[in-house]
Amino acid sequence: MNKVAIFVDVQNIYYTTRHTFGRQFNYRYFWQHIQADKQISEAFAYAIDRGDEQQRKFQSALRHIGFEVKLKPFIQRADGSAKGDWDVGITIDILEAAPHVDEIILLSGDGDFDRLLSKVRQDHNCKACVYGVLNLTANSLINASSEFIDIDEKWLM
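Residues numbered from 1 in each chain as written. Predicted model: local features only at pLDDT ≥ 70, side-chain atom pairs only at ≥ 80, totals over all residues. Heavy atoms only, no water.

J.: It is not clear to me how the nonpolar core should be interpreted in this structure. Could you clarify?
T.: Where a protein is soluble and globular, its nonpolar side chains tend to be buried together. Counting residues in each nonpolar core, the largest one holds 27 residues, and the members touching the most others are Ile6, Phe30, Phe67 and Tyr131. For tyrosine 131, the residues in contact, after removing those within four places along its chain, are Ile13, Phe30, His33, Ile34, Ile105, Leu106, Leu107, Ser108, Phe148, Ile149, Ile151 and Trp155. (Core = buried A, V, L, I, M, F, W, Y, C linked by side-chain atoms within 4.5 Å. Buried < 20%, exposed > 50% of the residue type's maximum accessible area, 1.4 Å probe, protein only. Contact = heavy atoms within 4.5 Å.)

See below:
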């Protein structure tokens, strides 16, 4: 049974599924699908903490499923823009996990991860599977993955 590590860019998955389908990703169904034929060694969900009750319930649900939830505070800049980027944290965690697993599973459409996946595949002979909404996933990320799974209706609540 292949040993996998899962990394979820929560904001990216939330916004891409909401924009494309007007619905939320079904994390429980995803977990059950992966667990059916793979051993999950670790699973992280990276999110922004805005401190609202709805978000706390969602984070609690993710923990109940089996994810370790990593939070960063939401930062509102003076110019009105917001900051809350997990790219570096996700990158470090993937680089640390890759030598110990057969497969990295990344849920994100962010092209910033393309070089990371290429490096993981090359240096650790590790499969890199990406789940993303096809029309909102960077082609460079799809090309860098071993396998791309299009998030469509079956993955939604």
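J.: Teacher, can you tell me more about the packing of helix α2 (residues 27-35) against helix α3 (residues 53-65) here?
T.: To describe two helices that pack against each other, one gives the angle between their axes and the distance between the axes. Running from N to C, α2 and α3 cross one another at 15°; their axes reach a closest spacing of 10 Å. With respect to α3, the axis of α2 lies roughly parallel. As α2 runs across α3, the sense of the crossing is right-handed. The segment α2 lies against α3, with Tyr27, Arg28 and Trp31 engaging Phe58, Leu62, His64 and Ile65. Partitioned by chemical class, the residues of the contact of α2 with α3 number five nonpolar, one polar and one charged. (Axes fitted to C-alpha atoms, helices over the stretch in contact; angles between N-to-C directions. Helix = DSSP H or I, 4+ residues; strand = E, 2+ residues; numbered from the N terminus. Parallel < 35°, antiparallel > 145°, perpendicular 65-115°, else oblique. Left-handed = near helix turned anticlockwise from the far one by under 90°. Nonpolar A, V, L, I, M, F, W, Y, C, P; charged D, E, K, R; others polar.)

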